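# Examining the three-dimensional arrangement
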Amino acid sequence: MFHLRLSLFSKTKSLECEIDNFHDKLIDASMTFNKAVLVYLREQRGAEFTKASKEIKKIEHEADALRRSIENKLYTNNLIPDLRADVLQLTENLDRVINKFDEVTYMFYVEQPTIPVEYHNSIRDLSKLSSDCAENMAKASRAFFRDLSSVRDYSQKVYFIEHESDRCSRQLLEEIFSSEMPLANKLQLKQFITEIADIADIAEDFIDELLIFTIKRDI
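Since the model is a prediction, treat every value here as computed from it, not as a measurement.

### Here we look at the overall build of the protein chain
Counting secondary structure elements, the protein chain contains 6 helices and 0 strands. Going from the N terminus to the C terminus, the protein chain shows its helices and strands as α-α-α-α-α-α. Taking 219 residues into account, the globule formula puts the C-alpha radius of gyration at 17 Å, and the protein chain, at 19 Å, falls close to it. Here the C-alpha coordinates of the protein chain stretch approximately 60 × 35 × 20 Å along the principal axes. Expressed as a percentage of its 219 residues, the buried residues of the protein chain come to 53%.

So, in structure tokens, the structure goes:
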């Protein structure tokens, strides 16, 4: 159904560049988040984790500036009026994921949860799955603007990875709540696991919406 087409903004290079940069910020945030989690598991809130946390905050600020600029250009230049609302919604939802990466990283920084070493591998797996899910979400969204024929391929990857994220988080929670860990620690870890897994859930919701917008654009 989805055919190859020219870029949605082929005549507005400035806006096209900003949208490309916005997708880059999401991919940067996903990779930096995964790095931050790995660093935290290794040395908790040390200098390297603090640096990664600041990197994500910087990416989040830059993404916010790009989002505002994109929205301003869409309105002031009266670009693609038929699709403008869809593009604005997609941009806001992409930004939501970047904000989530920042929020969860900040949670680690403030709460400094104690994570027993026997759960480190599962936390690493869950973090990687959420990061990969967001990255493929960004690629699917970029394809919406550049090549509709690729949207479904990246979307299927998001669905598959989100399913794996659900499986990983459920198994991890079952292990934690069947352990002898104090209840307060269990509940704190549950919150972190849920927050990390939520990133993949948000990406899945985004893809549901993106596929509808893709069908509309392809008609």
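After presenting the structure, the write-up continues.
### Quick word on the pattern of salt bridges
A pair can form between side chains of opposite charge whenever their charged atoms are brought close. Summed over the entire model, instances satisfying the criterion amount to 16 salt bridges. Of the charged contacts in the structure, one is a salt bridge between D24 and R142, with a shortest N-O distance of 2.8 Å. Of the two residues, D24 sits in helix α1 (residues 13-43) while R142 sits in helix α4 (residues 120-146), which places them 118 residues apart along the sequence. For D24, a relative accessible area of 32% gives the class partly exposed.

### Structural notes on the environment of K100
By secondary structure assignment, the location of K100 is in helix α3 (residues 84-111). A relative accessible area of 11% means that K100 is categorised as buried. With near-sequence residues (within four places) excluded, K100 lies in contact with E195, D198, I199 and I202.

### Thoughts on the confidence of the model for the protein chain
Looking at the protein chain as a whole, its pLDDT mean stands at 89, while 91% of the residues score no less than 70. Between residues 1-6, whose pLDDT stays under 50, and residues either more than four places distant or in other chains, the model counts 22 contacts.

### Looking at unusual backbone geometry
Even without being a glycine, Q44 presents a positive backbone phi close to 55°. Counting through the fold element by element, Q44 comes out in the loop between α1 and α2 (47-76). Take Q44: its relative accessible area is 37%, and that puts it in the partly exposed class.

### Some remarks on the nonpolar core
Ranked by size, the top nonpolar core spans 65 residues in total, and within it L26, F101 and F108 carry the most contacts. In this view, F101 contacts L26, A29, S30, F33, I56, S130, S131, A134 and I199; residues no more than four positions away in its chain are not counted.

### Focus: a nonpolar patch on the surface
Taken together, the side chains of F177, L183 and L187 define a hydrophobic patch exposed on the protein surface, amounting to about 280 Å² of accessible area. Among the structural elements, L187 can be located in helix α6 (residues 183-218). For L187, a relative accessible area of 45% translates into the label partly exposed.

### Details of α4
Relative to the 39 Å expected for 27 residues at 1.5 Å per residue, α4 spans 39 Å between its end C-alpha atoms, a close match to the ideal helical length. Burial runs high along α4: 19 of the 27 residues are buried.

About the cut-offs
Residues numbered from 1 in each chain as written. Predicted model: local features only at pLDDT ≥ 70, side-chain atom pairs only at ≥ 80, totals over all residues. Heavy atoms only, no water. Helix = DSSP H or I, 4+ residues; strand = E, 2+ residues; numbered from the N terminus. Rg over C-alpha atoms; globule rule 2.2 N^0.38 Å. Buried < 20%, exposed > 50% of the residue type's maximum accessible area, 1.4 Å probe, protein only. Salt bridge = Lys/Arg side-chain N within 4 Å of Asp/Glu carboxyl O. Contact = heavy atoms within 4.5 Å. pLDDT = per-residue confidence, 0-100. Core = buried A, V, L, I, M, F, W, Y, C linked by side-chain atoms within 4.5 Å. Patch = residues over 30% accessible without salt bridge, like charges linked within 9 Å, V, L, I, M, F, W, Y side chains within 5 Å. Areas by Shrake-Rupley, 256 points an atom, 1.4 Å probe, with all protein chains shown as cover. Expected span 1.5 Å × (residues − 1).

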